[in-house]
Amino acid sequence: MPSAATAHERVFIGPGLSPFKRAVTILGVIFLTALVVWIALREGVPAIGSTIVAILFIFGFIVFLRIVEPVPFTIHLDAEALVKRSKNGEVVEVRWEDLTRVKEEFFPNGKRISVTTYRKTTSPEQKAKAWAVYRDDVTDLDGLAASLQQVIPPTCQWQSETVHD
């Protein structure tokens, strides 16, 4: 069934954070830190407490940015399974027969927002939602949706939804 349709393996890439966005963010944090240090040096001893709080705030912001930084990934449509591999080592494999639903979301203007896959759960700690990718996450979201639509098994439900009305 899906093996004939996926005889040519398809790979979709999620590049993660672009070098431009990374550079602009680093420059912004450096500028902000330099501004705080300049104000602290200009104001002297009365600004010690405020400077410490500002530096802690900047450090917390950097930690937050590291947590929410998009991780590069690939999505493979193989003959046996749908596999998402992240650069950090996380692998989510959904065999075609375990795929229960694929949901795509659109803006009212018809632009695709996301594609989400759902699977049969095989253990209590496993979630039904396998993964979701959004327009900014993957280089060809429309191609991914079209390829998935061609290869899903007949037992899998395809659901399209318009959101943000």
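Residues numbered from 1 in each chain as written. Predicted model: local features only at pLDDT ≥ 70, side-chain atom pairs only at ≥ 80, totals over all residues. Heavy atoms only, no water.

Draft legend 1. Main features of the packing of helix α2 (residues 19-43) against helix α3 (residues 48-68). Packing of α2 against α3 brings their axes to within 10 Å, and their N-to-C directions diverge by 170°. Classed by the angle they form, the pair α2 and α3 counts as roughly antiparallel. Contacts from Arg22, Thr25, Val29, Leu32, Thr33, Val36 and Ala40 in α2 reach Thr51, Ala54, Ile55, Ile58, Phe61, Ile62, Leu65 and Arg66 in α3. In terms of residue class, the contact of α2 with α3 is made up of 10 nonpolar, 3 polar and 2 charged. (Axes fitted to C-alpha atoms, helices over the stretch in contact; angles between N-to-C directions. Helix = DSSP H or I, 4+ residues; strand = E, 2+ residues; numbered from the N terminus. Parallel < 35°, antiparallel > 145°, perpendicular 65-115°, else oblique. Contact = heavy atoms within 4.5 Å. Nonpolar A, V, L, I, M, F, W, Y, C, P; charged D, E, K, R; others polar.)

Draft legend 2. Structural context of a nonpolar patch on the surface. Side chains of Phe59, Phe61, Val63, Phe64, Ile67 and Val68 sit close together on the surface and give an oily, nonpolar patch of about 600 Å² of accessible area. Residue placement: Val68 occurs in helix α3. (Patch = residues over 30% accessible without salt bridge, like charges linked within 9 Å, V, L, I, M, F, W, Y side chains within 5 Å. Areas by Shrake-Rupley, 256 points an atom, 1.4 Å probe, with all protein chains shown as cover. Salt bridge = Lys/Arg side-chain N within 4 Å of Asp/Glu carboxyl O.)

Draft legend 3. A look at the sheet that holds strand β1 (residues 10-14). Pairing is antiparallel across the open sheet formed by 4 strands, whose spatial order is β1-β2-β3-β4. Lying at the two open borders of the sheet, with one neighbouring strand each, are β1 and β4 (91-95). Sheet twist, expressed as the average angle between the axes of neighbouring strands with direction ignored, equals 10°. Sheet analysis places strand β3 (residues 81-86) next to β4, joined by 5 bridges and oriented antiparallel. (Pairing = 2+ DSSP bridges.)

Draft legend 4. Layout of the sheet that holds strand β7 (residues 129-134). Pairing is mixed in the open sheet, where 4 strands are placed in the order β7-β6-β5-β8. If you trace the sheet from one side to the other, it starts and ends with β7 and β8 (157-162), each paired once. Direction aside, the axes of adjacent strands within the sheet are offset by 15° on average. Sheet analysis places strand β5 (residues 99-106) next to β8, joined by 6 bridges and oriented parallel. Directly across from Lys103, in β8, lies its bridge partner Gln159.

Draft legend 5. Representation of the environment of Ala132. Positionally, Ala132 belongs in strand β7. For Ala132, a relative accessible area of 17% puts it in the buried group. For the pair Ala132 and Thr25, spaced 107 residues apart in sequence, the C-alpha separation works out to 26 Å. Setting aside residues up to four positions removed in sequence, Ala132 forms contacts with Lys84, Val115 and Thr116. (Buried < 20%, exposed > 50% of the residue type's maximum accessible area, 1.4 Å probe, protein only.)

Draft legend 6. Seen up close, the packing of aromatic side chains. On inspection of all chains with the given rule, the structure shows 0 aromatic pairs. We note Lys84 situated over the ring of Phe73; from NZ or CZ to the ring centre the distance is 4.6 Å. One Lys or Arg, Arg101, reaches over the ring of Tyr118 and ends 3.9 Å from the middle of that ring. (Phe/Tyr/Trp six-rings, centres within 6.5 Å; stacked < 30°, edge-to-face > 60°. Lys NZ or Arg CZ within 6 Å of the ring centre and 35° of its normal.)

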